[in-house]
Amino acid sequence: MAVGDWQSHLPFHNINSLTTDGAQVIAGTFGGVLYFNPADNSVTRLSTVNGLSGVNVAQVHYNTTEKLLIIGYNDFGIDIYNENSVSTFSDIKNSNIQGQKRLNKIFSKDSLTYLCGTFGVLVIDIVSKVVLENYSLTDGSTALEAYDIALTDRHIFVATDKGIYQANKNNPNLFDAKEWTLHDMEQNILPGPVTGFANNGSKFYAIKDNSILWFDGFEWNIHYPLNEADKINKITIKEDLLYITALVEGTGKVIILKNKTLLEEFTYYQMQRPNDLVFLNKAVFVGDLWNGINKIENTTISNFQPNGPRKQDNYALTVDKNNTLWVAGGSAPGNFGSNISYSDAGVYTYDNISWKNQSKYTLGQDQFVDIISVAVNPLNGKAFLGTYIYGVFEINTDGSIIQLNENNSGLQKSLGNEIGVVDMDFDSQNNLWMSNIKTEKPIKVLTNEGEWHSFKPNFNPSTLTVTKIIASKFYNHIWMVYDRQGILVYNYGNDISVTSDDQYVFLNNQVGSGNLPDSRVISLAEDKDGIVWVGTNAGIGLFYCPFELFTENGCDATIPIVDIDGNPNPLLESDVINCITIDNGNRKWVGTNNGAWLLSDDGNDALLNFTTQNSPLPSNRIVDIAVNENSGDVFLGTGNGIMSYRSDASRGQNSFNDVVVFPNPVEPGYDGSVNIKNLVDGSNVKITDVSGNLVFDTQSLGGQVVWNQKDYTGRTVSSGVYLIFATNNDGSQAYEGKLMLIR
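Before going into details, it helps to say that this report is about the structure given with it. Just so you know, the residues in each chain are numbered from 1, in the order the chain's sequence is written. Side-chain atom pairs in this predicted model are given and counted only at pLDDT of 80 or more, local residue features only at pLDDT of at least 70, and totals for whole chains, interfaces and linings cover all residues. Computation of side-chain values covers all heavy atoms of the structure but excludes hydrogens and water.

1. Points about the overall build of the chain
What counts as a helix is a DSSP run of H or I of at least four residues, what counts as a strand is a run of E of at least two, and both are numbered from the N terminus. Assigned secondary structure in the chain consists of one helix and 64 strands. We take the radius of gyration over the C-alpha atoms and set the globule estimate at 2.2 Å times the residue count to the 0.38 power. What you see for the chain is a C-alpha radius of gyration of 30 Å, in line with the 27 Å of a compact globule of 743 residues. In terms of principal-axis extent, the alpha carbons of the chain reach across some 90 × 75 × 50 Å. Contacts in the chain between residues far apart in sequence, at least 24 positions, make up 47% of those at least 6 positions apart. Values of accessible area rely on a 1.4 Å probe in the Shrake-Rupley scheme; residue burial ignores everything except the protein chains shown. Summed over its atoms, the accessible surface of the chain is roughly 31,700 Å², and 43% of this surface lies on carbon and sulfur atoms. Positive residues here are Lys and Arg, negative ones are Asp and Glu, while His and the chain termini are left out of the count. By convention, the charge on Lys lies at NZ, on Arg at CZ, on Asp at CG and on Glu at CD. Of the side-chain charges in the chain, 50 are positive and 81 negative, and the distance between the mean point of each set is 6 Å. In what follows, residue pairs with any heavy atoms lying within 4.5 Å of each other are defined as contacts.

This is the structure:
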């Protein structure tokens, strides 16, 4: 990845829809579109990084006439992919369609494409991107949802939530609901939801409730019934065989019928929720809602799951000292109440090559649910995973796991009988501080020596819910957010075990008592200068003087003024600040409900702003942000999954021994940036030509400099050899290098 590049980290194994272009299996997934080549098991992913307009692809269909892939979303957005580029057809999405939106089927006949959904049926010329017709079916009073469509020589059939409707294919007035006839007892079928068709010209089947019906041209007959609790997802005809994907008594199955005779039945431990199927070569490919693509060839079943996080859910992100990203995939109820989700998402880790997922199923731990906080010991790599109800799970580097609860630790149960640990942080002495919510002593610490201590503030807050906690790396201070009340700062003195010198101060939105922008505090971060940044429901406050908190002077927050497009305003005053993360350049990555911001080190300048409109972000709601200090990758956890952005700041080194300049040489046609990495933190860097004329002068962001190949006047430099000089802040270390540019 180059600086400025994006990478998708969305799940691609939950298959909603399948199609084929004759060479590859194409899947619509939550993360986007997955191309799977069964010849070599290779994959290609299409996501918002590649230009898709959204996530959670509901339907995919390959139009063999136009050789176009049609990609549909439940918000009625349509993307069209031609193997070179993505174009978007947004007329339907932007139209005034009211009520619930759902896209159920995309079907093509020659150059026409039919969309079935809560809007009925739309007929589209996919090349010119024009809606030609709208079949708005009704039962006389209510608009009907269309699930599928079938065309015969003379007729069109539409499967709806009220039954099967039929019309003459050549009728010029199909937009008129009165021109459609409902199949009823005259066709031997009761009105009710019909969710799918299979039609090959000579045989015509339908899914109604838990049965498959067959149409003989005059009436419907029960062809293959299942049990009342069973669910049929898809039926497809190949030659004289009918293929069925179904959930039978809780087990995923592919059933093959010849006429009414059960020919074969396939089950597989990775085929738990079979959703769709296609045929390619001599194999059947089954898309599973949970487990990727299953291939059935003869009597052999094999499974392919693209690597990625188990789910799109994320609550907390952190990067450990080994540059591994940890993602807590659980959730906490609104206002940290009692509406517990028992999320089984678990925890996902990313080592910059592949993802590993750990859940209650892989660990054999039934209480490994609602993982909402994570902290990794910087000395030994042990990971601590906090849950909303079952305490903390400690995962050792050898994979062994220990559950910490009220019986083997200092953690306590709340009045609701939960052991909630919603946030954790290591201090500079490697003590782990925890917020054990809704307990009499919500402040817990596990010392580096393995001792537990609990603390009760010397005041009575109106809530015992501590939602956020950070341990200062500069002072013996612990900052804690009390839900919708403000911040408690705890000074534990020189010895954690001695409480006689403990001090507490509570900060709220009153002048002289904190001056927070809002008492509803959501996020906290301490930057590389010891300044504490506070994110609230109404912007950001900065504590420049935390060293005076426990003196007579006290310390109030300062509300920074930021210049956005020439307009100075209080920093993000109208935004909910969900998270604040510091990068190697001491800049601030800020996550809001309206996108992500990169602010200068002092917060006075907005350097970048990412939203779904100007970036591949799948959602504007930024849940959490973590920075890989080694690579400069910024991981943004959103309401629809995780994306990463390669920033221009990376970890500074202790020496210039491993400086890397790339690309070098710069080849003709390359107009990207030149990166200089592994510099000493905050290096002074100059680039000159061979005659010594200064071309570029800057200070590294952490250990990295990015040069856009332009001189200080903004002109692109010419071919030649350029010299790179770098020194550390006090001039005691220096580096000299060369760079070749070829135009």
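2. Remarks on the state of the cysteines
Whenever a pair of cysteine sulfur atoms sits within 2.5 Å, that pair is classed as a disulfide. Per the counting criterion, the structure on display carries one disulfide. A disulfide bridge connects C545 with C555, and the sulfur atoms are separated by 2.1 Å. Disulfide C545 to C555: torsion about the S-S bond roughly 95 degrees, handedness right-handed. On the criterion of sequence distance, the pair formed by C545 in the loop between strand 48 (539-543) and strand 49 (561-564) and C555 in the loop between strand 48 and strand 49 is long-range, its members being ten residues apart. In this scheme, a residue with accessible area under 20% of its type's maximum is buried, one over 50% is exposed, and one in between is partly exposed, where area comes from a 1.4 Å probe on protein chains only. Exposure remark for C545: the relative accessible area of 15% places this residue in the buried category. The class of C555 is buried, set by a relative accessible area of 7%.

3. A word on the pairing of strand 44 (residues 486-491)
By the criterion of burial, strand 44 is predominantly enclosed, with six of the six residues buried. Between any two strands, at least two bridges found by DSSP are needed for them to pair. Inspection of the sheet shows strand 43 (residues 477-482) paired to strand 44 by six bridges, in the antiparallel sense. The residue bridging V481 from the neighbouring strand is I487, located in strand 44. The turn linking strand 43 back onto strand 44 is made up of three residues, and R484 within it adopts a positive phi angle of 60 degrees. The pairing of strand 44 with strand 45 (residues 503-507) spans five bridges and is antiparallel. The residue bridging Y490 from the neighbouring strand is Y504, located in strand 45.

4. Things to note about the sheet that holds strand 38 (residues 421-426)
Across the sheet, which stays open at both edges, the four strands sit in the order 38-39-40-41 with antiparallel pairing between neighbours. Strands at the two margins of the open sheet, each flanked by one partner only, are strand 38 and strand 41 (452-455). For this sheet the average axis-to-axis angle between neighbouring strands, irrespective of direction, equals 20 degrees. Pairing analysis gives four bridges linking strand 40 (residues 443-446) to strand 41, with the strands arranged antiparallel. Opposite L446, over in strand 41, you have W452 as the bridge partner. To obtain an axis, a line is fitted to C-alpha atoms, over the contacting stretch when the element is a helix, and the angle between two such axes runs from 0 to 180 degrees between their N-to-C directions.

5. Comments concerning unusual backbone geometry
The linkage connecting F662 with the following residue, P663, adopts the cis geometry, with an omega of -5 degrees. Note that P663 resides in the loop between strand 58 (660-662) and strand 59 (674-677). That bond from N664 to P665 is cis: its omega, 10 degrees, falls within 30 degrees of zero. You can see P665 is positioned in the loop between strand 58 and strand 59. Even without a glycine there, the phi angle at E249 is positive, about 50 degrees. Note on placement: E249 falls in the loop between strand 23 (241-248) and strand 24 (251-258). With a phi angle near 60 degrees, K438 is a residue other than glycine that sits in the positive phi range. Judged by relative accessible area, which is 24%, K438 ranks as partly exposed.

6. With respect to the side chain of N377
Along the polypeptide, N377 turns up in the loop between strand 34 (371-376) and strand 35 (383-387). A distance of 3.0 Å separates a polar atom in the side chain of N377 from a polar atom in the side chain of N430. Setting aside residues no more than four positions away along its own chain, N377 makes contact with K382, F426 and N430. By the criterion applied in these results, polar contacts are pairs of N or O atoms within 3.5 Å in which, for protein atoms, one can donate a hydrogen and the other can accept it, and in which residues neighboring in sequence qualify only through two side-chain atoms.

7. Focus: the nonpolar core
One finds W6, V25, F285, I293, W589, I625 and L636 to be the most contacted residues of the largest nonpolar core, which totals 30 residues. Residues contacting V25, with those up to four places away along its chain left out, are L18, T19, L34, Y35, F36, V278, L280, F285 and I293. V661, I676, Y722 and I724 belong to the second largest nonpolar core, which has 21 residues in total. The set of buried Ala, Val, Leu, Ile, Met, Phe, Trp, Tyr and Cys residues whose side-chain atoms join them within 4.5 Å is what this entry labels a nonpolar core.

8. Here we look at the pairing of strand 31 (residues 325-328)
Because side chains alternate across strand 31, one face comprises the buried residues L325 and V327, and the other comprises W326 and A328, equally buried. Bridging between strand 30 (residues 316-319) and strand 31 involves four bridges; their strand directions are antiparallel. Bridging across to strand 31, L317 finds its partner in V327. Once strand 30 ends, the chain turns through five residues before running back antiparallel as strand 31, passing N323 with a positive phi of about 70 degrees. Summarising the sheet, strand 31 and strand 32 (residues 347-350) pair through four bridges and their orientation is antiparallel. Bridge pairing links L325 to Y350 in strand 32.

9. Considerations on the pattern of salt bridges
The salt bridge criterion pairs a side-chain nitrogen of Lys or Arg with a carboxyl oxygen of Asp or Glu, the two atoms within 4 Å. Applying the stated criterion across every chain yields a total of 25 salt bridges. In this structure, the salt-bridge partner of K456 is E440, at a minimum N-O distance of 3.4 Å. A residue pair is termed long-range when its members are at least 10 positions apart, and K456 in the loop between strand 41 and strand 42 (466-471) and E440 in the loop between strand 39 (432-436) and strand 40 qualify at 16 residues. Among the residues examined, K456 registers a relative accessible area of 40% and is labelled partly exposed. Its salt-bridge partner being R587, residue D648 comes within 2.7 Å of it at the nearest N-O pair. Of this pair, D648 sits in the loop between strand 57 (641-646) and strand 58 while R587 sits in the loop between strand 51 (577-582) and strand 52 (588-592); the two residues are 61 residues apart in sequence, bridging distant segments of the chain. Taken together, the shared-partner salt bridges connect R310, K311 and D344 into one network.

10. Side note on the sheet that holds strand 20 (residues 211-215)
As summarised here, the arrangement of the four strands in space is 18-19-20-21, forming an open sheet in which the pairing is antiparallel. Single-partner strands in this sheet number two, and they are strand 18 (194-199) and strand 21 (220-225). Recorded for the sheet is a direction-independent mean angle of 30 degrees between the axes of neighbouring strands.

11. Section: the packing of aromatic side chains
What counts as a ring pair is set by centres within 6.5 Å for rings of Phe, Tyr and Trp (its six-membered ring), and what kind of pair is set by the plane angle: stacked under 30 degrees, edge-to-face over 60, tilted for all other angles. On inspection of all chains with the given rule, the structure shows 35 aromatic pairs. Considering the side-chain rings of Y482 and F506, the 6.1 Å spacing of their centres and the 65 degrees angle between planes classify their relative orientation as edge-to-face. Placement of Y482 in strand 43 and of F506 in strand 45 is noted, with a sequence separation of 24 residues between them. Among the residues examined, F506 registers a relative accessible area of 25% and is labelled partly exposed. Aromatic pair W589 and F610: ring centres 6.4 Å apart, planes at 20 degrees, arrangement stacked. With W589 in strand 52 and F610 in strand 54 (residues 606-610), this residue pair connects regions lying 21 residues apart in the sequence.

12. Quick word on the environment of S619
Inspection of the secondary structure puts S619 in the loop between strand 54 and strand 55 (622-627). Here S619 falls in the buried class, since its relative accessible area comes to 12%. Along the backbone, S619 and N339 are 280 residues apart, and their C-alpha atoms lie at a distance of 24 Å. Apart from the residues lying within four places of it in its own chain, the contact partners of S619 are T612, T638, G639 and N640. There is a polar contact of 3.1 Å between the side chain of S619 and the backbone nitrogen of R621.

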